[in-house]
Amino acid sequence: MHDDIPGASLLELKPEELNNTELRLWLKCRDDLGKGLKTKAELVKRVYEYIRTSKDKNIVDPDLDKIYCGRKERMSTFTDVSEEEAGAGVKDLLAFWTGCEVLPPPGQNLHVLVDSGKLPSSLPESKSCFHRLTSSPQQTEYAVFKEID
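To start, this report covers the structure provided alongside it. Position numbers for residues count from 1 along each chain, tracking the sequence in the order it is written. Totals for whole chains, interfaces and linings use every residue, but because this is a predicted model, local features are given only for residues with pLDDT of at least 70 and side-chain atom pairs only at 80 or more, for both listing and counting. Excluded from the side-chain calculations are hydrogens and water; all other atoms, namely the structure's heavy atoms, are used.

**Considerations on helix α1 (residues 20-28)**
Where we set the bar: Each residue's exposure class comes from its accessible area (1.4 Å probe, protein chains only) as a fraction of the maximum for that residue type: buried when under 20%, exposed when over 50%, partly exposed otherwise. Under the scheme used here, helices are H or I runs from DSSP no shorter than 4 residues and strands are E runs no shorter than 2 residues, and both carry numbers assigned from the N terminus. It is the directions from the helix axis to the C-beta atoms that the arc portrays. Here, two residues are considered to be in contact whenever any of their heavy atoms come within 4.5 Å of each other.
Turning to α1, its buried residues number three or more, namely Leu23, Trp26 and Leu27. For α1, the arc enclosing every buried residue in end-on projection is 95 degrees, short of the 170-degree limit, so these residues lie on one face. At its buried positions, α1 is contacted by α2 (40-52).

**With respect to the environment of Cys29**
Inspection of the secondary structure puts Cys29 in the loop between α1 and α2. Classification of Cys29 as buried rests on a relative accessible area of 0%. For the pair Cys29 and Pro6, spaced 23 residues apart in sequence, the C-alpha separation works out to 9.2 Å.

**Describing the sheet that holds strand β3 (residues 132-135)**
For the record, the criterion: Paired strands, as defined in this entry, are two strands with at least two bridges between them according to DSSP. Helix axes use the C-alpha atoms of the stretch in contact, all axes being lines fitted to C-alpha atoms, and the angles between their N-to-C directions lie in the range 0 to 180 degrees.
Pairing is mixed in the open sheet, where three strands are placed in the order β1-β3-β2. Pairing within the sheet leaves two strands with one partner each, and these edge strands are β1 (111-114) and β2 (125-127). Strand-to-strand twist in this sheet, taken as the mean axis angle between neighbours without regard to direction, amounts to 25 degrees. Bridge count between β2 and β3: three bridges; the pairing is antiparallel. Paired with Glu125 across the bridge in β3 is Thr134.

**Topic: the nonpolar core**
Selection criterion: We call a set of buried Ala, Val, Leu, Ile, Met, Phe, Trp, Tyr and Cys residues a nonpolar core when their side-chain atoms join them within 4.5 Å.
Counting residues in each nonpolar core, the largest one holds ten residues, listed as Leu10, Leu18, Leu23, Trp26, Leu27, Leu37, Leu43, Val44, Val47 and Tyr50. Contributing elements (two or more residues each) for this core: α1 and α2. Leu23 has contacts with Pro15, Leu18, Lys40, Leu43, Val44 and Val47, leaving out every residue within four places of it along the chain.

**Details of the pattern of salt bridges**
Basically, it comes down to this: Note on definitions: salt bridges are taken to be side-chain nitrogens of Lys or Arg within 4 Å of carboxyl oxygens of Asp or Glu.
Evaluation of the coordinates by the stated rule reveals two salt bridges. With a closest N to O distance of 2.7 Å, Asp32 and Arg46 form a salt bridge. Here Asp32, found in the loop between α1 and α2, pairs with Arg46, found in helix α2; they are 14 residues apart in sequence, far enough to count as distant. Of the residues examined, Arg46 reaches a relative accessible area of 21% and is grouped as partly exposed. Put simply, Lys57 and Asp56 hold a salt bridge, and the shortest N to O gap is 3.4 Å. Accessibility expressed as a relative area gives 60% for Lys57, which makes it exposed. Overall, Asp56 belongs to the buried group, its relative accessible area being 13%.

This is how it looks when you write it as structure tokens:
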């Protein structure tokens, strides 16, 4: 989860190299709001305490709506098909579909449009700005999608 949440990692920096906002976010990612800590020195000391006691490994989603955990859960639905089995990877599919290699934020859904006017042999089309993938009715199953060259 370290890489999934901005601010959860020190990015190979020493705590004293971060500013107060970054230190507070790092602590918040460990479910510590830093109450009572007023100075940078106090924040740095707390971060070092977490590292010394190995509590720095216990990371939580700092967002009230749990957007980072939600994004990870949604991403797991795309990884049900192994990369070896799929040929192109999940990131490739997302890049084609949305223009990005990560899932869109909550509230922005991915859409699949089945167009009965498309030929079975035609390639899927993407409208990445709208997160929309259009395919023919024959391409609604993964096995058929996989056979298209």
